[in-house]
Amino acid sequence: MAPATALKMRIGGSDVASRKTYDKVDPVKGDVVAKIPDASVEDARKAVDAAEKGFAAWSQTPLSQRRQVLWKAAELLEARAQDISATMIRESGCTFGWGMFNTFFAASLLREAAASVTQITGEVIPTDVPGLTAMSIRQPVGVVLGIAPWNAPVILGVRAVAMPLACGNAVIMKASEETPITHRTIGEVLEEAGLPAGAINVLTTSREGAAPVVNALIADPRVRRINFTGSTKVGKLIAQEAAKYLKPVLLELGGKAPQVVLEDADLDEAAAAANFGGFMHQGQICMATDRLVVQEKVLQPFVAKLAARAGAMKVGDPSDQSTVIGAMINTDSANRVRKLIKDAVAKGAKIALGGADGEGPIVHPTILTDVTPKMEIYHEEIFGPVLIVLKAKDDADAVRIANDTPYGLSAAVFSADINRAYGLAAQIQSGICHINSSTLYDEGQMPFGGVKESGYGRFGGKQAINEFTETRWITIQSGHRHYPI
């Protein structure tokens, strides 16, 4: 077997090694994909130095050029789609289809960011003072730290950097330890598209080495904003660290999305949405459907339709392009999911499909009924290919169950009566709610984010412009100004 390649970080437009490395292992084959730099605090300082210089150039780049660079990056990313998919399969055990979807959706995010460069607007504000013109304007903040996760590495890696760059900031992306090669590719295409040196920098760390590097970046006074997508546990730590320095943080964290199915719903549509929302990418998506809240009258026929769909999907080797359900990120994650299934079954849950059998990183799609609050799976974010079915007596009970979680990212309601569905959607505590479509849905111009322990702030569209610019109040006085003393 050929020796593993050695990845480099990108700092200031150059390849940079680190004194320490770690091995990135293929979760399915078990071999070393590449040796990855384990950045130091000194590497972090160099990245901020480079980003400070990059910001000076990029923030003064004309809007038309800024737009052209982002649009060109989208084209370059799409051109690499096949290679990126192959890399994602090796790094994360995902399917080929997930890699292709990631790449093309991420390109759409770059194009949305390109279109947003002329949407960074202010306003003239009425004032009491004669001859005074008062304005609010938005300006780039400087250096932005983007911390991207592994589960949708191209989409969420691009999301961490695209709008900050569109607003004229420089970015340091802290790559996930699980998908460092994919995340480095994002930096490569942006630089190839014409981004000045230092406007984007990509740091890699091991899981153990992440905290000191991230804390050093947050502490640096030149880093003015942080965005993080990942677990609620880590998000809280980042928010606490940033609070020491009064730095704004955009957090998109865990979820336990409910799909509510009322007795008048189209069960075929609801089953199709649940199958997609719960099992796409092995359920390893923040807005994945986690809980099915189903009214009693239709529970059994709905579960039957869902089990038939889910049971027909091909499960196995992610390198086979016909595979629909591939591997989880690693065997530890798969074993955690199996443990949740076993706990639920031991406490009375029934298996409608799948189960906790097997070993290694591949978990078959599983549906559990008769799930109750005494089971761990009722409360914990599953982040695996498992759907739990919860019986609701009526509309009020469905809302109560949907809200019985500390999370609040995405949700869905299925009903033939749109007014009824909207009434329930308005009561569900989530940042996102879809009527008669899956919990798993996003577009680049939408205000994406959660409530409660799913985070705060919004990616997407004008909301993201607010996150990555500073609002300033500027006045211009003409003529004589009267002062009381």
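Right above here is the structure, for reference.
An account of the accompanying structure is given in this report. The structure presented is a predicted model; accordingly, all values stated were derived computationally and were not measured. All residue numbers refer to position in the chain's written sequence, counted from 1. Per-residue local features are limited, in this predicted model, to residues with pLDDT of at least 70; the limit for side-chain atom pairs, both in listing and counting, is 80 or more; totals at the level of whole chains, interfaces and linings are taken over all residues. Excluding hydrogens and water, the side-chain figures rest on all heavy atoms present in the structure.

What follows covers the overall build of the protein chain. The number of helices and strands found in the protein chain is 15 helices and 21 strands. The C-alpha atoms of the protein chain give a radius of gyration of 24 Å, which matches the 23 Å a tight globule of 485 residues would have. Any residue under 20% of the maximum accessible area for its type is buried, any over 50% is exposed, and the rest in between are partly exposed; the area is computed with a 1.4 Å probe on protein chains only. Every one of the 485 residues in the protein chain was classed for burial, and the buried ones make up 56%. A contact between two residues is defined here by any heavy atoms of the two lying within 4.5 Å. Long-range contacts, defined as pairs at least 24 residues apart, comprise 73% of the intrachain contacts of the protein chain with a sequence gap of at least 6. Throughout, the Shrake-Rupley method with a 1.4 Å probe supplies accessible areas, and for residues the shown protein chains are the sole cover considered. By element, 54% of the accessible surface of the protein chain is carried by carbon and sulfur atoms, the whole surface being about 19900 Å². We score Asp and Glu as negative and Lys and Arg as positive, and we do not count His or the chain ends. A single reference atom marks each charge: NZ on Lys, CZ on Arg, CG on Asp, CD on Glu. Each charge sign in the protein chain was given a centre, from 50 positive and 52 negative side chains, and these centres are 4 Å apart. To qualify as a helix, a DSSP run of H or I must reach at least 4 residues; to qualify as a strand, a run of E must reach at least 2; elements of each kind are numbered from the N terminus. Computation of the radius of gyration draws on C-alpha atoms, with the globule rule given as 2.2 Å multiplied by the number of residues to the power 0.38.

What follows covers the packing of helix H1 (residues 41-58) against helix H7 (residues 210-219). Packed helices, taken two at a time, are described by the angle between their axes plus the distance between the axes. Two numbers describe how H1 lies on H7: the axes approach to 9 Å, and their chain directions differ by 35°. Handedness of the H1/H7 crossing: right-handed. Residue-level inspection shows Val41, Ala44 and Val48 of H1 in contact with H7, the latter providing Pro212, Val213, Ala216 and Leu217. Gly is placed with the polar residues, together with every amino acid not listed as nonpolar (Ala, Val, Leu, Ile, Met, Phe, Trp, Tyr, Cys and Pro) or charged (Asp, Glu, Lys and Arg). Across the contact of H1 with H7, the residue classes tally to seven nonpolar, no polar and no charged. Fitted lines through C-alpha atoms give the axes, limited to the stretch in contact for helices. The angle between two N-to-C directions lies from 0 to 180 degrees. A clockwise turn of the near helix away from the far one marks a right-handed crossing, whereas an anticlockwise turn of less than a right angle marks a left-handed crossing.

With that settled, the discussion passes to helix H3 (residues 81-92). Every helix has an expected span of 1.5 Å times one less than the residues it contains. Taking 1.5 Å per residue as the helical rise, H3 with its 12 residues ought to reach 16 Å, and the 16 Å between its terminal C-alpha atoms agrees with that figure. Among all positions in H3, only Ala81, Ile84, Ser85, Met88, Ile89, Glu91 and Ser92 are buried. Buried-residue contacts for H3 involve strand S4 (21-25), helix H2 (63-79), helix H4 (96-116), helix H5 (153-166) and helix H6 (180-192). Downstream of H3 by a residue or two, glycine 93 has a phi angle that is positive, lying close to 75°.

With that settled, consider the packing of helix H9 (residues 267-279) against helix H10 (residues 296-311). Closest axis-to-axis distance for the H9/H10 pair is 9 Å, and the angle between their directions is 50°. Taken together, the axes of H9 and H10 are oblique relative to one another. Where H9 crosses over H10, the handedness of that crossing is right-handed. Of H10, the residues touching H9 (which contributes Leu267, Asp268, Ala270, Ala271, Ala272, Ala274, Asn275 and Phe279) are Val298, Pro301, Phe302, Lys305, Leu306, Arg309 and Ala310. Considered class by class, the residues forming the contact of H9 with H10 number 11 nonpolar, one polar and three charged. Should an angle fall under 35 degrees it is called roughly parallel, over 145 degrees roughly antiparallel, and 65 to 115 degrees roughly perpendicular, with every other angle called oblique.

In this section: the pattern of salt bridges. If the charged atoms of two oppositely charged side chains come close together, the side chains can form a pair. Salt bridges, as used here, are contacts in which a Lys or Arg side-chain nitrogen is within 4 Å of a carboxyl oxygen on Asp or Glu. Inspection of every chain in the model, using the stated rule, returns 33 salt bridges. Note that arginine 184 is salt-bridged to glutamate 188, the shortest N-O span being 2.5 Å. Of this pair, arginine 184 and glutamate 188 both sit in helix H6, separated by four residues, roughly a single helical turn. Of the residues examined, arginine 184 reaches a relative accessible area of 12% and is grouped as buried. Among the residues examined, glutamate 188 registers a relative accessible area of 22% and is labelled partly exposed. Connected via shared salt-bridge partners are Arg10, Asp15, Arg80, Arg184, Glu188, Glu191 and Glu192.

Here we come to the environment of glutamate 78. Mapping glutamate 78 onto the fold places it in helix H2. Sequence separation between glutamate 78 and arginine 138 is 60 residues, and the spatial gap between their C-alpha atoms is 31 Å. With residues up to four places along the chain from it excluded, the contact list for glutamate 78 reads Thr103, Phe104, Ala107 and Arg111. Of note is the side chain of glutamate 78, whose polar atom sits 3.0 Å from the side chain of arginine 111. Residues adjacent in sequence count toward polar contacts only when both atoms are side-chain atoms; beyond that, a polar contact is any pair of N or O atoms within 3.5 Å, and within protein one must be able to donate a hydrogen and the other to accept it.

Glancing now at the nonpolar core. Generally speaking, soluble globular proteins have nonpolar side chains that are buried together. Counting 62 residues, the largest nonpolar core has Leu70, Leu110, Val158, Val161 and Leu190 as the members making the most contacts within it. Contributions of two or more residues to this core are made by H2, H3, H4, H5, strand S9 (170-174), H6, strand S10 (200-203) and helix H15 (461-467). Every residue in contact with valine 161, bar those within four places of it in the chain, is listed here: Val171, Met173, Ile186, Leu190 and Ile200. Note on terminology: a nonpolar core comprises buried Ala, Val, Leu, Ile, Met, Phe, Trp, Tyr and Cys residues joined through side-chain atoms within 4.5 Å.

We now examine the sheet that holds strand S15 (residues 350-353). In spatial order, the strands read S15-S16-S17-S14-S13-S18-S19; together these seven strands make up an open sheet with mixed pairing. Bordering the open sheet on either side are S15 and strand S19 (434-435), each of which pairs with just one other strand. Where strand S13 (residues 257-261) lies against strand S18 (residues 412-414), three bridges are found, and the strand directions are parallel. Counterpart to valine 261 in the pairing with S18 is phenylalanine 414. Think of it this way: DSSP has to see at least two bridges between two strands before they count as a pair.

Right, let's talk about the sheet that holds strand S1 (residues 5-6) for a bit. If you trace the three strands from one edge of the open sheet to the other, you get S1-S5-S4, paired in mixed fashion. For this open sheet the edge positions go to S1 and S4, each flanked by a neighbour on one side alone. Taken together, the two bridges between S1 and strand S5 (residues 32-37) define a ladder with parallel strand orientation. Bridge assignment links alanine 6 to a residue of S5, and that residue is lysine 35.

Once that is clear, we can look at the packing of aromatic side chains. Two rings belonging to Phe, Tyr or Trp (six-membered ring only in the last case) form a pair when the distance between their centres is within 6.5 Å. Interplanar angles under 30 degrees mark stacking, angles over 60 mark edge-to-face geometry, and anything in between is tilted. All chains considered together, the criterion is met by three aromatic pairs. Ring geometry for tryptophan 150 against phenylalanine 383: centres 5.9 Å apart, planes inclined by 85°, an arrangement best described as edge-to-face. With tryptophan 150 in the loop between strand S8 (143-147) and H5 and phenylalanine 383 in the loop between helix H12 (376-379) and strand S17 (386-392), the pair connects residues that are 233 residues apart, well separated along the chain. By relative accessible area, tryptophan 150 is classed as buried at 15%. In this structure phenylalanine 383 comes out as partly exposed when scored by relative accessible area, which is 22%. Among the aromatic side chains, those forming a connected cluster through ring pairs are Trp98, Phe101 and Phe105. Comment: the charge-over-ring label is applied if NZ (Lys) or CZ (Arg) is within 6 Å of the ring centre and within 35 degrees of the ring normal. The residue whose ring lies beneath arginine 159 is phenylalanine 459, and the NZ or CZ to ring-centre distance is 3.9 Å. Across from the ring centre of tyrosine 245, 5.7 Å away, lies the NZ or CZ of lysine 247, which sits over that ring.

What follows concerns H10. With 16 residues, H10 should reach 22 Å at 1.5 Å per residue; the first-to-last C-alpha distance of 23 Å fits that figure. Within H10 the residues assigned to the buried category are Val298, Leu299, Phe302, Val303, Leu306, Ala307 and Ala310. Looking at the buried side of H10, the elements it contacts are S13, H9, strand S14 (289-295), S15, strand S16 (366-369) and S17.

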